[in-house]
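# Residue-level structural notes
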Amino acid sequence: MTERRPLIAGNWKMNGLRADARRLAVEIGTLRQFKPDAAFDLLVCPPFTVLEAVSQMIENTGVYLGAQTCHVAEKGAHTGDISAAMVADSGCSHVILGHSERRTNHAETNDQVNAQAKAAHEQSLIAIICVGETEAERESGKALEVVAEQVKASVPDDSSYGNTVIAYEPVWAIGTGKVATPDDVQEVHANIRKVLAEKLGQEEADGIRILYGGSMKPENAKELLALGDVDGGLIGGASLKAEDFWAIAQSC
Ligand code: PEP
């Protein structure tokens, strides 16, 4: 079976002026250099405006760089948008797609996320495709079904373990301090892998990393990261402090 190397990804969201971003990137890069052979991958996803600055700060540290979304088109009349080619050209290896804040605030649909992921793959970027149910959907017992539907529709057919990561982020757990129980997380992750196997075949499904996201912190990371189908974390708030981000990574 393909080894799934844990991925610890920081989603900085709309945080970081250049000086702060540089400082945080240097701190994370320095911590990484203490342990270059650690058994996890480390990724930071800052805002577009500081990608270049952060890229310089993490050069040769082994920390990967990612963006937080991309447009489906390669270029053209799309004021304010950024293409996958531009993301790759900024030094990124990864791009987060379909985060619930994009799905809610920018009405991004599964079809759009699917097209974005294809565009990302064409630029040799690793797409981190986010899925997750709302609180109402969980309370009405529909979490598995909703997430399965999102995976089926958002993950393009050209996906493989080399170019795709899934992030399960229950919407109600993002930035709220509420965390899904380990049993619930494992149940959803195992079901995501089952859906991936039906869609892409068992080999790809066994190799695709599935991250958990939603109020992951140093205090709860060990328990979540120990689950059989959890292959890392997508971390928002706690990724803005180098020591917390590093402590989470150390829990792998
Ligand atoms: C996120 O936005 O991807 C996230 C998981 O945020 P937080 O860790 O702050 O809940």
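Residues numbered from 1 in each chain as written. Predicted model: local features only at pLDDT ≥ 70, side-chain atom pairs only at ≥ 80, totals over all residues.

### Structural notes on the environment of Ala 38
Basically, it comes down to this: A helix here means a DSSP run of H or I that spans at least four residues, while a strand means a run of E at least two residues long, and both kinds are numbered starting from the N terminus.
For Ala 38, the position within the fold is in the loop between helix H1 (18-34) and strand E2 (41-45). Expressed as a C-alpha distance, the spacing of Ala 38 and Cys 252, which sit 214 residues apart in the sequence, is 9.4 Å.

### Description of the site of the ligand
Rules: Near residues are defined by distance alone, with the backbone-placed C-beta atom required to lie within 6 Å of the molecule or strand. Residues are grouped as follows: Ala, Val, Leu, Ile, Met, Phe, Trp, Tyr, Cys and Pro are nonpolar; Asp, Glu, Lys and Arg are charged; every other residue, Gly included, is polar.
Looking at the ligand, there are 13 residues lining it, with Asn 11, Gly 175, Gly 213, Gly 236 and Gly 237 nearest. By residue class, the composition of the shell around the ligand is five nonpolar, seven polar and one charged.

### Things to note about H1
For clarity, the threshold we go by: Every helix has an expected span of 1.5 Å times one less than the residues it contains. Any residue with 12 or fewer other C-beta atoms within 10 Å of its own C-beta is exposed, any with 20 or more is buried, and the rest are partly exposed; the C-beta atoms used are placed from the backbone. When we speak of the arc, we mean the arc of directions from the helix axis to the C-beta atoms.
The end-to-end C-alpha distance of H1, which contains 17 residues, comes to 25 Å, matching closely the 24 Å that a straight helix rising 1.5 Å per residue would cover. Of the residues making up H1, those classed as buried are Ala 21, Leu 24, Ala 25, Ile 28, Gly 29 and Leu 31. Around the axis of H1, the buried residues are gathered within 160° of arc, so they sit on the same side. Exposed residues pointing more than 90 degrees away from the buried face of H1 are listed as Ala 19, Gln 33 and Phe 34.

### A closer look at the UniProt feature "active site" (unreviewed entry) in the chain
Defined as follows: UniProt positions are given in the numbering used here, feature names are shortened, and annotations may be inferred rather than shown by experiment. The contact criterion used here is simple: two residues whose C-beta atoms, placed from the backbone, lie within 7 Å are in contact.
As annotated by UniProt and renumbered to match this structure, "active site" (unreviewed entry) occupies His 99 and Glu 169. A maximum C-alpha distance of 8.3 Å among these annotated residues, which run over 71 residues, shows that they cluster at one spot. Locating His 99 in the fold gives a position in the loop between strand E4 (94-97) and helix H4 (100-105). Looking at His 99, the number of C-beta atoms within 10 Å reads 28, which means it is buried. The contacts of His 99, once residues within four sequence positions are left out, are Gln 68 and Cys 130. Beyond its immediate stretch of four places on either side in the chain, Glu 169 contacts Ser 100, Cys 130, Gly 132, Ile 174, Gly 213, Gly 214 and Leu 234.

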